[in-house]
Amino acid sequence: MDEEGENILLEDNYYQLLNVSKTASTEEINSAYRRFSRMFHPDKHSTDPTKQKWAEQIFNKVKKAYEVLSDSHKRAIYDTLGKRGLEVDGWEVIFRTRTPKEIREEYERLKREREERRLQQSANPRGTITLSVNATDMFMKYYDEYEILEDATIFPNIELSGMTIQQSIDVPVTLRNTMTLTGNISTQNGIGTGSVNASNRYLNSERGWTEVETGIGDGPLLGFKVFRTLSRLMFLNCGTVLHFTARGVAPSLASTMAMQLDAHSVGYLTYRAGGQGGSSMSSIYVRDSEKYHTYTALQIGNPHSFFSFNVMRKLPQHDLKLRLSMKLGTFGAIAEYGAEKKVSQNSSVSAAVMVGVPSGVLLKLKWTCSTQTIVMPVHLCEEVLPSPVFYATVVPLVSWLVFKKLVLDPINRERQEREKQRSMEANFERLQEMQQQARATVELMRETYSRIRSDEEKKKGLVIVRAVYGKLPAGAESHEVGAEEAGDGAQPEPTAALPDLIDVTVPLQCLVKDSRLELLDASKSELPGFYDPCVGEDKHLTIYYTFHSNPCCCTVSDRQAVVLPRNNHRIKNRS
């Protein structure tokens, strides 16, 4: 968690402070404000100077939240920028003559301008290193009947058969012109080649751009590309290259037309002619949804025609992607399966096994860190045999589990503890103030708590017997607090035995209205009378309550919405 995230965590959430949703109407906001003003107005606590002082502070917070949310202009700024947007002087977004929609559009314009200025100062370096490894001796030598035993070695011969290094940087010249410099060095079986390309892309308008490219490698080249948006759902990309070699001029042409078919699908039609790749026509269908990404392609041309299908399963909760693909054509057939795992915010690792005829078995390892990528294809066998397929599948999986257990997990635990400690140190005074304010808030709620609880008991409505908020014990699904420990209005203060747990019976009972309690899908620590007893830890809220004299209980995560009462909360077997 960065410093900015820590500060945002401890900022007041105006919606949660009034316990209203982000789509709440003006009437709902007014009703919530009247309710809390009656509870915290300083005049109600004038007999006790200490209570009056705290009531003044809490009432001012509630009043500030109401002033922002009840004003459409301020609310639009708050929704877009947060509290910081309300404190900035001189920005166009605070003009009172603007509508909320215009305020958001103005902010987006300013954001784009900031991005353009940032782009001018960024080189955006991108690089890829590919290391080709030939490890076929590990498996094929056992099947060589002509091998001379005297020359046999104990260890298999593993060699680096090729290496490619590619690097590129962007140089924004103006807001419309961007130059790109790309270098490539490649060696294969002792033979090396290299090239350097430079291009300039000019943004004609929001609908298209043109690009001029020059380069030198196996002879100079000159290229020209055009991109144009034809309609809201269609675009065209065309490019031609003249490559001057010792054998003469080799022209090539590539053209792609794309159309968005629906919200998740795009179709591509590509034609290529000339160059080293021959001529071909290909049709591609791409579908990207929340859980799956599929890619289907059909190519007809020279030297190869093929059909390919690729499906990827997304598991964002595990930062994992599973991939399966097949390719069938005039060159043979290839099947591939693999996985990609996100290691940190900007880095990921992946492994894939490729089994094909006549290519054999290939293990492809890849590591990506920000814009830099290292790829290592390992050729295990020239034939499709069970043993290389087995080892290519099992060895990366076992290696990842061992590496994760011995290296990544300890590093992540240490980083989380360090961030938690840094967060607590950086916000120590703020946390102490929030704790004191929560305790004072509960004291100010006592009269309202007694009145609401008495009314609910008389009509056998919703009575909060006991509610606790904080960290769950290890392996537990709810806080082990019995209903017999009836809430007596204790202050929300952690005990020595349970330092990560606070009593929130009083605040929750005060939020009950007409035998109904609703909490938003936001952190409960921002509710009046609450605070965060364990910063950086996962927190839960456990509520024991009665409704129509029936005992009920529920436990929810910190950001989960709550609606009481519910039939599925009833305790069927009290023993």
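Residues numbered from 1 in each chain as written. Predicted model: local features only at pLDDT ≥ 70, side-chain atom pairs only at ≥ 80, totals over all residues. Heavy atoms only, no water.

The subject of this paragraph is the pattern of salt bridges. Tallying each qualifying case throughout the model produces 15 salt bridges. Residues lysine 459 and glutamate 456 are paired through a salt bridge, measuring 3.7 Å at the closest nitrogen-oxygen approach. On the accessibility criterion, lysine 459 (46% relative accessible area) is partly exposed. A relative accessible area of 3% means that glutamate 456 is categorised as buried. Residues arginine 516 and glutamate 518 are paired through a salt bridge, measuring 2.6 Å at the closest nitrogen-oxygen approach. (Salt bridge = Lys/Arg side-chain N within 4 Å of Asp/Glu carboxyl O. Buried < 20%, exposed > 50% of the residue type's maximum accessible area, 1.4 Å probe, protein only.)

Further remarks concern the packing of aromatic side chains. In this description, a pair of aromatic rings is defined by centroid distance and the angle of the planes. The full count for this structure, using the stated rule, is 9 aromatic pairs. Summarising the aromatic geometry, the rings of tyrosine 15 and tyrosine 78 are spaced 6.0 Å apart at their centres and angled 40 degrees between planes, so their arrangement reads as tilted. You can see tyrosine 15 sitting in helix α2 (residues 14–18) and its partner tyrosine 78 sitting in helix α5 (residues 72–81), a full 63 residues away along the chain. Pair check on accessibility: tyrosine 15 and tyrosine 78 agree, each one buried. Seen in terms of ring centroids, tyrosine 469 and phenylalanine 530 are 5.5 Å apart; in terms of plane orientation they differ by 65 degrees. Their pairing is edge-to-face. Of the two residues, tyrosine 469 sits in strand β18 (residues 462–470) while phenylalanine 530 sits in the loop between β20 (517–519) and β21 (540–547), which places them 61 residues apart along the sequence. Linked through ring pairs, Tyr14, Tyr15 and Tyr78 together constitute an aromatic cluster. A cation sits over an aromatic face here: arginine 201 above tryptophan 209, 3.7 Å from the ring centre. The ring of tyrosine 292 has arginine 313 lying over it, and the distance from NZ or CZ to the ring centre is 5.0 Å. (Phe/Tyr/Trp six-rings, centres within 6.5 Å; stacked < 30°, edge-to-face > 60°. Helix = DSSP H or I, 4+ residues; strand = E, 2+ residues; numbered from the N terminus. Lys NZ or Arg CZ within 6 Å of the ring centre and 35° of its normal.)

Along a regular strand, successive side chains alternate from one face of the sheet to the other. Pairing between strand β12 (residues 306–315) and strand β13 (residues 320–329): 10 bridges, direction antiparallel. The partner of arginine 313 across the bridge, within β13, is leucine 322. Where β13 lies against strand β14 (residues 332–342), 10 bridges are found, and the strand directions are antiparallel. Residue pairing across strands places glycine 329 opposite glycine 332, the latter belonging to β14. In this structure, the hairpin formed by β13 and β14 is closed by a connection of 2 residues. (Pairing = 2+ DSSP bridges.)

Further remarks concern the environment of glutamine 436. Turning to its location among the elements, glutamine 436 is positioned in helix α10 (residues 428–458). Its relative accessible area of 41% is what places glutamine 436 among the partly exposed residues. Distance from glutamine 436 to tryptophan 54, taken between C-alpha atoms, is 9.4 Å for residues 382 residues apart in sequence.

Between the first and last C-alpha of helix α4 (residues 49–69) there are 30 Å, a value that for 21 residues agrees with the 30 Å anticipated at 1.5 Å per step. Taken together, the buried positions of α4 are occupied by Trp54, Ala55, Ile58, Phe59, Val62, Ala65, Val68 and Leu69. (Expected span 1.5 Å × (residues − 1).)

Residues of the protein chain with pLDDT of at least 70 account for 84%, and the chain-wide mean is 84. Predicted confidence for residues 493–497 stays below pLDDT 50, and this span has 9 contacts to residues more than four positions away or in other chains. (pLDDT = per-residue confidence, 0-100. Contact = heavy atoms within 4.5 Å.)

A few words on unusual backbone geometry. Cis rather than trans, the peptide bond between asparagine 302 and proline 303 has omega equal to 15 degrees. The peptide bond linking valine 357 to proline 358 adopts the cis configuration, its omega dihedral lying at 10 degrees. Note on placement: proline 358 falls in the loop between β15 (347–357) and β16 (360–369). You will see that histidine 548, though not glycine, has its phi angle at about 55 degrees, which is positive. Following the sequence through the fold, histidine 548 ends up in the loop between β21 and β22 (550–557). Judged by relative accessible area, which is 48%, histidine 548 ranks as partly exposed.

One can describe the packing of α4 onto α10 by two numbers: an axis separation of 10 Å at closest approach and a directional angle of 105 degrees. As the angle between them shows, α4 and α10 are arranged roughly perpendicular. Here α4 contributes Lys51, Trp54, Ala55, Gln57, Ile58 and Lys61 to the contact with α10, which in turn contributes Gln436, Gln437, Ala440, Thr441, Glu443 and Leu444. The class makeup of the residues in the contact of α4 with α10 is 5 nonpolar, 4 polar and 3 charged. (Axes fitted to C-alpha atoms, helices over the stretch in contact; angles between N-to-C directions. Parallel < 35°, antiparallel > 145°, perpendicular 65-115°, else oblique. Nonpolar A, V, L, I, M, F, W, Y, C, P; charged D, E, K, R; others polar.)

Another aspect to go through is the sheet that holds β22. Strand order in the open sheet formed by 4 strands is β19-β18-β21-β22, and the pairing between neighbours is antiparallel. What marks the edges here is a single partner per strand, and that holds for β19 (501–503) and β22. Shown here is a sheet whose adjacent strand axes are inclined to one another by a mean of 20 degrees, direction ignored.

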